[in-house]
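Summary of structural features
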Amino acid sequence: MLLSIGDLCEELVVEVPPDLRHGATAEASAVRVRGGIAANVAAITCERGGQARFFGNVGEDAMGRALMADLQKRGVDVRAKTSGATGVIVNLVTDEYRTALVDRGMTAALDLTDESVLDEIRQLFVPGRSFLADPMAASVDKVVEQAKAQRIPLTLSSLAAEEIAAYGAQAFGDLIGMLKPDTFICTTREYAAMGINKGEPIEGADTSIVCGPSETLVITRDNAGNAELRRIEIPETPVVVDRTGSHDGFIAGYLRSRGTGALAPAAVDAAHRVMSVVLSKLGPTTL
């Protein structure tokens, strides 16, 4: 079973006219979907036939209850704590760009008291932003420490490029080196924000995966510690309906494949296929 720790929130995707002027009133198209990388990875894992547990702090309100019910409907074992208001992510989308406005609500208020959260767990996934603020950061750090003692592999995803700049590229690199994840996953923009030369591994990670617009880089180390680079082309998705959660789908597909014993390059191929399905749907789902 996969344990995914982090955010569960509402996500509002708004298609904004490209010529919108400040102060103007204009017609727009909006849709509400489930948000939060950790929650989406858990949900898509279960949709693809895997088992997943979600652990996080969720708003003590109608939206929080609805979001937890949605995860449970998809087969996720929800171990959520509830307090305060549910967070919301507002995505402003045009043909040229996507701007995310994030109100995390009470998600960072997670305080670990459930010592059974690692029971039956074989994989651990933690988004980088789970380390942005206490008490969540301290709680997640405890889980990671316990997981390492039990030899449970950790997959860590990156902060967004802007978050890396605010956190500090060196500080974030030091965090990765301390956590020593089995796999670190980032985009080309996040990779560049960390100041790493293309093709170089992320220090501290056994496997570094860099997702680009046309190819994914898989960087591993051989027995002598030398970096080995594989470039895996991303297959074209015939019809792209919505990009929301596509990266989360990639992570879920990768973890699902790795959990069955696949090596990293084969798992990335599987991740591309799941991501393609998510792109063809509305919201972070394969159903």
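Use the structure listed above.
Structural notes, computed from the coordinates. All figures in this text were calculated on a predicted structure; none of them were measured in a lab.

1. Some words on the pattern of salt bridges
Applying the stated criterion across every chain, the model contains 13 salt bridges. Here Arg-74 and Glu-47 are joined by a salt bridge, their closest N and O atoms 2.6 Å apart. With Arg-74 in the loop between α2 (62–73) and β5 (77–82) and Glu-47 in helix α1 (residues 37–47), this pair connects stretches of sequence that are 27 residues apart. The two residues Arg-74 and Glu-47 agree in class, both being buried. A salt bridge links Glu-163 to Arg-129; the shortest N-O distance between them is 3.4 Å. Here the residue Glu-163 occupies a position in helix α4 (residues 161–167), and Arg-129 occupies one in the loop between β8 (123–127) and α3 (136–149), the gap between them amounting to 34 residues. Since its relative accessible area comes to 22%, Arg-129 is described here as partly exposed.

2. Comments concerning a nonpolar patch on the surface
Among the surface-exposed residues, Val-239, Val-241 and Leu-282 lie close enough to one another that they form a single nonpolar patch of about 280 Å² accessible area. In this fold, Val-241 is placed in the loop between β13 (227–233) and α7 (246–259).

3. Brief notes about the sheet that holds strand β1 (residues 2–5)
Strand order in the open sheet made by the 9 strands is β5-β4-β1-β8-β9-β10-β11-β12-β13, with mixed pairing throughout. Looking at strand neighbours, the two that pair on one side only are β5 and β13, the edges of this open sheet. Each adjacent strand pair in this sheet contributes to an overall mean axis angle of 15°, direction not counted. In the sheet, β1 pairs with β8 via 3 bridges, with the strands oriented parallel. Bridge pairing links Leu-2 to Gln-123 in β8. Along the sheet, α3 makes contact with β1, β8 and β9 (154–157), crossing β8 at roughly 155°. Lying over the sheet, α7 contacts β1, β8, β9, β10 (183–187), β11 (207–211) and β12 (215–221), oriented at roughly 155° with respect to β10.

What counts and how
- Residues numbered from 1 in each chain as written.
- Predicted model: local features only at pLDDT ≥ 70, side-chain atom pairs only at ≥ 80, totals over all residues.
- Heavy atoms only, no water.
- Salt bridge = Lys/Arg side-chain N within 4 Å of Asp/Glu carboxyl O.
- Helix = DSSP H or I, 4+ residues; strand = E, 2+ residues; numbered from the N terminus.
- Buried < 20%, exposed > 50% of the residue type's maximum accessible area, 1.4 Å probe, protein only.
- Patch = residues over 30% accessible without salt bridge, like charges linked within 9 Å, V, L, I, M, F, W, Y side chains within 5 Å.
- Areas by Shrake-Rupley, 256 points an atom, 1.4 Å probe, with all protein chains shown as cover.
- Pairing = 2+ DSSP bridges.
- Axes fitted to C-alpha atoms, helices over the stretch in contact; angles between N-to-C directions.
- Contact = heavy atoms within 4.5 Å.

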